[in-house]
Amino acid sequence: MVVRHSGDIRGLVEAGKVAAETVAEMAKKLRPGVTTGQLDGVGEGVIKRYGAESAPRYFYRFPGATCVSVLPVIAHGIPGDQRIRPGDVVNIDVSVYLNGFCADTGMTVLVEPKNVAAHKICRAASAALKQAIKIVKPRVLINEVGKVVQAEAERHGLKVVRNICGHGLGATLHEAPEYIINFYNAREKSRFAEGQVVAIEPFISSGAEYAKEKGDGWGLTVPRGCWVAQYEHTLILLKDETVVTTARA
């Protein structure tokens, strides 16, 4: 989506606030013994409170309101009866649809006792997202995102998961640009446009560079013993500023 006027910006920001609050409330409830389905219920409650809808459910019939992925599942985890255990690495991914506008955000949460290696991955993934947000502007080459994300991962001696990437969004959950990859591709010559809405989401790994399908039609996994973290925000690329619609207070 490319924003046309201030009403578009307001709508996107409102959707972003709902997504951000949903992630925050789910993270607060994350503790050993809680099921992924119960966490999803918390998220759905926040989404409904604001009159919004789950974007994955609305657009793709995803079997949950949110994605809750427990390592070795790293993305698109279906919430259900799985109970959170001490030391688990959990990714919470929330996408909402409110009054015709979408927002997409996510974060990795470590359950106590926190694993030192997993904590390192989380710091690197968070730093990679911050570095990417700094450089994403109109007319910037899209491959600059991959360059800074890959550089941040390698600075920590880590890898990028290459087959999960950011994307455009706005009126729907996935729009152009379809792929905002997290590694550098010199052949990619497309540029970000003024007013464009994009989701940036680095996946940083201790070893695996590709995720595999779990077999349930949704989940993506890595080998056991591999640590992975992801952080995601939705951005509006205006001429004079980048608006992070899903910024958490």
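Before reading on, note that the structure itself is shown above.
These lines cover the structure that appears in this document, whether it is placed above or below. (Residues numbered from 1 in each chain as written. Predicted model: local features only at pLDDT ≥ 70, side-chain atom pairs only at ≥ 80, totals over all residues. Heavy atoms only, no water.)

Pairing is antiparallel across the open sheet formed by 3 strands, whose spatial order is 6-10-13. Only two strands of the sheet have a single partner each, and these edge strands are strand 6 (159-160) and strand 13 (228-230). The pairing of strand 10 (residues 203-205) with strand 13 spans 3 bridges and is antiparallel. Paired with phenylalanine 203 across the bridge in strand 13 is glutamine 230. (Pairing = 2+ DSSP bridges. Helix = DSSP H or I, 4+ residues; strand = E, 2+ residues; numbered from the N terminus.)

It is worth spelling out the pattern of salt bridges at this point. Counting across every chain of the model gives 10 salt bridges. Its salt-bridge partner being arginine 57, residue glutamate 44 comes within 2.8 Å of it at the nearest N-O pair. One end of the pair, glutamate 44, is in helix 2 (residues 36-49); the other, arginine 57, is in helix 3 (residues 55-60), and 13 residues separate them in sequence. One salt bridge in this structure joins arginine 155 and glutamate 152, with 2.8 Å as the shortest N-O distance. With a gap of 3 residues between them, arginine 155 and glutamate 152 both fall in helix 5 (residues 143-155), about one helical turn apart. Residue classification places arginine 155 among the exposed residues on the basis of a relative accessible area of 60%. Taken together, the salt bridges that share partners define one network made up of Glu44, Lys48 and Arg57. (Salt bridge = Lys/Arg side-chain N within 4 Å of Asp/Glu carboxyl O. Buried < 20%, exposed > 50% of the residue type's maximum accessible area, 1.4 Å probe, protein only.)

On to the pairing of strand 2 (residues 67-70). Along strand 2, one buried face is formed by Cys67 and Ser69 and the opposite face, lined by Val68 and Val70, is buried too. When strand 2 meets strand 4 (residues 89-98), the two strands line up antiparallel, connected through 4 bridges. Across the sheet, cysteine 67 pairs through a bridge with aspartate 93, a residue of strand 4.

For the rest of this paragraph, the subject is the environment of alanine 153. Within the fold, alanine 153 resides in helix 5. Distance in space between the C-alpha atoms of alanine 153 and asparagine 182 is 9.9 Å, their sequence separation being 29 residues. Those residues within four positions of alanine 153 in sequence are excluded, and the remaining contacts are Leu158, Lys159, Val160 and Ile204. (Contact = heavy atoms within 4.5 Å.)

Looking at the secondary structure, you find threonine 105 in strand 5 (residues 101-110). On the basis of relative accessibility, which here comes to 0%, the residue threonine 105 falls in the buried class. Polar side-chain contacts of threonine 105 include one of 2.8 Å to the backbone oxygen of glutamate 232. Polar contacts involving the side chain of threonine 105 include one to the side chain of arginine 248, which spans 3.0 Å. If near-sequence neighbours (up to four positions away) are discounted, threonine 105 is found in contact with Ala19, Ala20, Val23, Ile92, Asp93, Val94, Glu232, His233, Thr246 and Arg248. (Polar contact = N/O pair within 3.5 Å; in protein donor to acceptor, adjacent residues only side chain to side chain.)

Moving on to helix 4 (residues 116-135). Helix length check: helix 4 (20 residues) gives 30 Å between terminal C-alpha atoms against 28 Å at 1.5 Å per residue, within 8%. Burial in helix 4 covers these residues: Ala118, Ile121, Cys122, Ala124, Ala125, Ala128, Leu129, Ala132 and Ile133. Near the N-terminus of helix 4, the side chain that reaches the backbone nitrogen of alanine 117, with its oxygen 2.8 Å away, is that of asparagine 115. (Expected span 1.5 Å × (residues − 1).)

Nothing here speaks to function; it is all geometry.
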